[in-house]
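Single-letter residue listing:
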Amino acid sequence: MDDSLSELDVGLSGSKSITIAAFADVNADKRTDLITLSSDRHSLGVRIWDHDAFQFMPPINQINIFDAQIVNAIPGDLNYDGTLDLLVYLRSGPGATETKVRAYLGGKDGKFDGKWIDLPPSGLSQPMVLDYSGNMRVDLLGLSPGSSGTLQVWNNTWSSSPDSPYTTFPMPASVDGETMCVSPDPHSNAFLDLDGDCLADLFIVCAADSSGIQTYQVWVNGKDKGYHFARTGSLPKGAGPVSFADMDGDGALDMIFPVTPDDGPSTIQILYNQQFPLCTSSTQENCRSATHLCRADPDFHFSSTDQDGGLVVFPVATEADPTAHLVTTEAYSVGDVPIFLHTGDFDIDGFPDVLAVLETGSSGRRARLYRSVPCKDGACSAKAVAAKRRTLEEVTEGAEALTAIENVRSTAFLDVAEDGSLDIIVFSAPPGDKGAGRTMVVLENNYNSDAFFLKTLMLNGACPSRCPVTSDHPSRYPYGVNYKGATFKYTVIDTSGEKRAFAVAQLPQSSYMPLHKPYNFVGLGRTNNYLEELFVGSTRHQEEHYFTWSGIIPNSQLILIPYQNAGSSSAQSWIREMMINPGSYAPWVLLSILVSALILVIVVLALNHLERVEDEKERREAMHLINFDAL
C-alpha cells in the first residue's frame with residue numbers, strides 16, 4: 001500500500017498488561033529492542049527484536065520489584081564497560097516523599113543482573129541524565145529528598161569507587177552568582193546543544209509562579225568552568241512538556257510544545273532558536289561557514305513573541321471539531337506523567353513532523369499526525385514567512401489507520417523494521433484506567449519509501465569497536481550504550497540546489513519515560529547527493545570535543561565511537577563505522593541494469609550478424625568480379 005499507514009503485527013498486538021518504558025539495543029546487534037513495564041509497575045522485561053521472525057520476542061529477562069512502583073527506566077552504560085545497564089526510578093505509592101534510584105548492571109545475552117545497587121534517592125521531581133563531569137559517564141541532576149530539596153548532582157564515580165558508585169554534591173552556582181531554578185514534578189528538562197557549539201547545554205523548566213506561568217532557564221556548558229546562566233524566558237499559560245527538533249533546517253535546535261489554556265484555543269507552538277545563519281558567500285559576516293558548523297553563537301535566543309519571526313502558532317481545532325485540544329499530562333496513582341509531542345521525519349523530506357494526542361469533542365482521545373510545511377500567508381505571520389519558518393498541517397490522506405484508534409494515551413516514532421522509514425506506535429487504554437498496561441498498535445509507514453535518509457549513533461567511547469571479552473560478556477560489541485548528549489550537524493544540498501544545515505540531538509531527555517529513539521534518524525529528501533560535511537559533538541571536556549567527516553553516503557547508518565586512549569585529549573582516534581542500507585528501489589535498479597545489458601548484448605549480436613552477412617555479400621561480389629575478368 002502506497003502513501004499510507006497500515007497495521008503491522010510485530011508481536012505486540014493484544015498485549016494489554018505491559019507498556020514500553022524505553023527503547024534500547026539491549027543485545028548490541030544494532031537493532032532496537034524494548035524495555036517493557038508491567039501494568040502494576042512492579043516488573044520490567046526485555047523484548048529482543050528478531051528480524052528473521054519479524055517479531056519482538058517474549059521477555060528474556062524479568063526484573064521484579066515488590067517494595068515500590070516503577071516510574072521510569074533509563075538504559076545507559078552506568079559503569080562504563082561498554083555494556084548496557086539500567087537505571088530505575090521508584091516510588092513507594094501515592095504518599096511518597098522521595099524517588100528511589102536503583103541500578104541494574106547488564107550481563108550476557110541481553111540480560112540484567114537481578115542484584116541491584118541502591119543509589120542516593122531524589123525528591124519527587126525525577127532526576128535527569130547528563131554528563132556533568134565531561135568524561136562520557138552517566139551523571140544525574142535533580143533535587144535532594146525532602147520538602148525543601150536543593151538541586152544536586154549525582155557524580156558517577158563507578159570506575160574509581162565501585163562500592164560507592166555515585167556521590168552527591170550541591171549544583172554549583174554560575175560564576176556570575178546565578179543559581180539554577182527548581183523544576184516541578186513533572187518537568188521536561190533536557191541535555192542538548194542550544195548555543196550551536198556541538199556541546200550539550202542544560203535546559204531547565206522552572207516551577208510555575210502563583211499565576212501559573214512557567215519559565216525556563218538555559219545554562220551553557222563551559223566544560224571545566226562549569227555551567228553558566230545564559231538565558232531565561234517564559235512559557236505561555238497552559239504550556240505542556242517541551243520537545244526539541246530543528247524544525248526549519250537552519251542548524252539550530254528549536255523548542256516545540258503543546259499549549260492548552262483554560263480560556264483559549266489549544267495550539268502547538270514553535271519557538272525558533274535564532275542563531276548565526278549558514279554563510280552563503282565568503283564575504284558574508286555574522287554567519288557560520290559550512291566548515292565551522294560548531295561555532296558557538298553567544299547571542300542565541302528564543303522569541304516568545306512574533307516581533308522577529310521567531311514564533312509560529314498552529315491551532316489544532318478544526319471546523320469539524322472546534323473543541324479539540326491537546327493532552328499534556330496523564331494522571332496516575334504515582335504522579336502525573338507528561339505527554340510529549342513526538343517529533344520525527346515520517347515523510348523523509350528533511351524536516352521533522354509531529355505526533356500529538358488530542359481530546360476531541362466527538363470521538364474522545366485520538367492521535368494526530370502533522371506534517372511540516374513552509375510558512376505562507378494566512379498560516380503564519382508576515383515576519384515568519386519572511387524568515388522562512390515552517391508550520392504544520394494535519395496528515396489526513398492515508399492516515400485513517402491512525403485516527404481510527406480510540407482512547408489513545410500516547411504515541412512514539414520508531415523504525416521497527418530498520419528499513420529507513422519511521423513507523424508509529426500508538427498506546428491506548430480505556431478511560432479511567434490507572435494501570436501502566438497499554439494496548440499497543442504498530443503502524444507501518446508506507447509514505448515516500450524511496451526517499452533518502454541517514455541514521456547516526458554516537459557511543460560513549462568506553463572501548464573501541466570491540467570490548468574485552470569476559471565470562472560475563474562473551475559478545476562485547478559496545479553498540480547498545482544509549483549515550484545521551486551527542487550532537488550531530490550536517491549539510492546537504494536540496495533539490496533546488498540550496499545548501500542547508502541541520503542539527504540533531506541524541507537522547508536529549510530522560511525523565512518520565514519520554515520514549516526517544518536510541519539513534520538519530522534524519523530524512524534527506526529525494527536528493528541522492530553526498531553529505532558534504534558532518535560534525536559530531538561529544539560531551540567531553542577537552543578542546544577537541546567534536547570531529548568532522550565529509551562525503552557521507554545517503555541511506556546509511558553511521559556509528560561514531562569516540563574512543564580515546566588513557567590520557568589522550570584528541571578526537572583523531574575516534575572510529576567511524578558505516579553500514580549501507582539499500583532502498584526498496586535497489587532490486588528494480590538491478591533489474592533495469594540486467595535488462596539494459598541484455599538489450600545491448602542482443603543489439604551487438606544483431607549488428608555483428610548483419611556485419612558478417614554484409615562482409616559475405618561483399619566477398620561474393622568480389623569473387624564474381626575476379627571470375628568475370630578472367631573470362
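Worth saying up front: this structure is predicted, and the values here are computed from it rather than measured.

Conventions we followed
Residues numbered from 1 in each chain as written. Predicted model: local features only at pLDDT ≥ 70, side-chain atom pairs only at ≥ 80, totals over all residues. Heavy atoms only, no water. Domains from an automatic or database assignment. Contact = heavy atoms within 4.5 Å. Buried area = accessible area lost by both parts, 1.4 Å probe. Salt bridge = Lys/Arg side-chain N within 4 Å of Asp/Glu carboxyl O. Polar contact = N/O pair within 3.5 Å; in protein donor to acceptor, adjacent residues only side chain to side chain. Disulfide = S-S within 2.5 Å. Helix = DSSP H or I, 4+ residues; strand = E, 2+ residues; numbered from the N terminus. Buried < 20%, exposed > 50% of the residue type's maximum accessible area, 1.4 Å probe, protein only. Pairing = 2+ DSSP bridges. Axes fitted to C-alpha atoms, helices over the stretch in contact; angles between N-to-C directions.

Draft legend 1. Structural detail: the domain arrangement of the protein. On domain assignment, one finds that the protein holds domain 1 (5–282 + 299–455), domain 2 (456–585) and domain 3 (590–630). Using only C-alpha atoms to locate each centre, domain 1 and domain 2 end up separated by 20 Å. Facing the 94 residues of domain 1 at the interface are 75 residues of domain 2. Interface of domain 1 and domain 2: buried area, both sides summed, is about 7,000 Å²; carbon and sulfur atoms make up 57% of it. Three residues stand out in domain 1 for area buried against domain 2, namely Phe452, Leu454 and Lys455, and they jointly supply 14% of the buried area on that side. Here domain 1 and domain 2 share zero salt bridges between them. At the junction of domain 1 and domain 2, the tally comes to 38 residue pairs in polar contact (both at pLDDT 80 or more).

Draft legend 2. Region of the structure containing the state of the cysteines. Applying the stated criterion across every chain yields a total of five disulfides. The disulfide that involves Cys181 links it to Cys206, with 2.0 Å between the sulfurs. The chirality of the disulfide connecting Cys181 with Cys206 is left-handed, given an S-S dihedral of about -80 degrees. Separated by 25 residues along the polypeptide, Cys181 in the loop between strand E15 (166–170) and strand E16 (190–192) and Cys206 in the loop between strand E17 (201–205) and strand E18 (215–221) bring together distant segments of the chain. Judged by relative accessible area, which is 13%, Cys181 ranks as buried. The disulfide that involves Cys198 links it to Cys294, with 1.9 Å between the sulfurs. Disulfide Cys198-Cys294: torsion about the S-S bond near -80 degrees, hence left-handed. Of this pair, Cys198 sits in the loop between E16 and E17 while Cys294 sits in the loop between strand E23 (273–274) and strand E24 (301–302), and the two are 96 residues apart along the sequence. Counting only the cysteines that take part in disulfides, in the order they occur along the protein, gives the pairing 1-3, 2-6, 4-5, 7-8, 9-10.

Draft legend 3. Region of the structure containing the sheet that holds strand E4 (residues 43–47). Pairing is antiparallel in the open sheet, where four strands are placed in the order E2-E3-E4-E7. The open sheet has two edge strands with one neighbour each: strand E2 (18–24) and strand E7 (62–64). Each adjacent strand pair in this sheet contributes to an overall mean axis angle of 20 degrees, direction not counted. Taken together, the four bridges between strand E3 (residues 33–38) and E4 define a ladder with antiparallel strand orientation. Bridge pairing links Leu37 to Leu44 in E4.

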